[in-house]
Amino acid sequence: MLPRTYEGQDCSLARALEVIGERWTLLIVRSALLGVTRFDGFLGQLPIARNVLTSRLARLVELGIMNRVPYQEKPVRHEYPLTPMGRDLTVAVVALMQWGDRNLPTEAGPPRQARHLGCDGEVQVRMRCASCGRDVHDEEVAVRRTP
């Protein structure tokens, strides 16, 4: 059985999973990328218990992925917009959505698509070589330990 943490793993992916690897956390981020910022909005989109949502939002704020901003005084209520660090998860979330669409399709087709706000075209996550600028396919990638 895998431990609950990835301590001792010298790996960027393991460090990222420490932050967003729990399923509710990534679904909260997905909802935030869809425009949800308020507690009741997250509850309306996700079948999540209130205490679990409270805990996950607090952790996302603590880690700098979301901010906690009051929007009402009586009673005090907060919204949870993504920070730049949180918005930076867009590529990962869209890549996982597209992976699911390709490898775990449903009869009805994809439930959501990432669209470009500028022209409404479909957004596609791609890998590109930083040296030559060419698109790179998965079979052309080797992950190596850095010196």
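For the structure, check the block above.
Cut-off values and rules
Residues numbered from 1 in each chain as written. Predicted model: local features only at pLDDT ≥ 70, side-chain atom pairs only at ≥ 80, totals over all residues. Heavy atoms only, no water. Phe/Tyr/Trp six-rings, centres within 6.5 Å; stacked < 30°, edge-to-face > 60°. Lys NZ or Arg CZ within 6 Å of the ring centre and 35° of its normal. Helix = DSSP H or I, 4+ residues; strand = E, 2+ residues; numbered from the N terminus. Expected span 1.5 Å × (residues − 1). Buried < 20%, exposed > 50% of the residue type's maximum accessible area, 1.4 Å probe, protein only. Arc of directions from axis to C-beta. Contact = heavy atoms within 4.5 Å. Core = buried A, V, L, I, M, F, W, Y, C linked by side-chain atoms within 4.5 Å.

Trainee: Tell me about the packing of aromatic side chains, and please be specific about residues and values.
Mentor: Counted under the stated rule, the structure contains zero aromatic pairs. Seen from the ring of Trp24, Arg23 lies directly overhead, with NZ or CZ sitting 4.5 Å from the centre.

Trainee: Which residues make up helix α6 (residues 90–103), and what values go with them?
Mentor: Compared with the 20 Å implied by 1.5 Å per residue over 14 residues, the 20 Å span of α6 between its first and last C-alpha is a close match. Of all the positions in α6, only Val93, Val94, Gln98 and Gly100 are classed as buried. All buried residues of α6 lie within an arc of 155° about the axis, which places them on one face of the element. Opposite the buried face of α6, at more than 90 degrees from it, the exposed residues are Val91 and Arg102. Along its buried surface, α6 packs onto α2 (23–33).

Trainee: So what's going on with the nonpolar core? Residues and values would help.
Mentor: In terms of nonpolar packing, the biggest core is built from 19 residues, with Ile28, Phe42, Leu53, Leu57, Ile65 and Met66 touching the most fellow members. For this core, the secondary-structure elements that each account for two or more residues are α2, α3 (39–45) and α4 (50–62). No other element matches α2, which puts four residues into this core. Not counting residues within four places of it along the chain, the set of residues in contact with Ile28 comprises Phe42, Leu46, Ile48, Leu53, Arg56, Leu57, Leu60 and Met66.

Any functional reading would require information that these geometric values do not contain.
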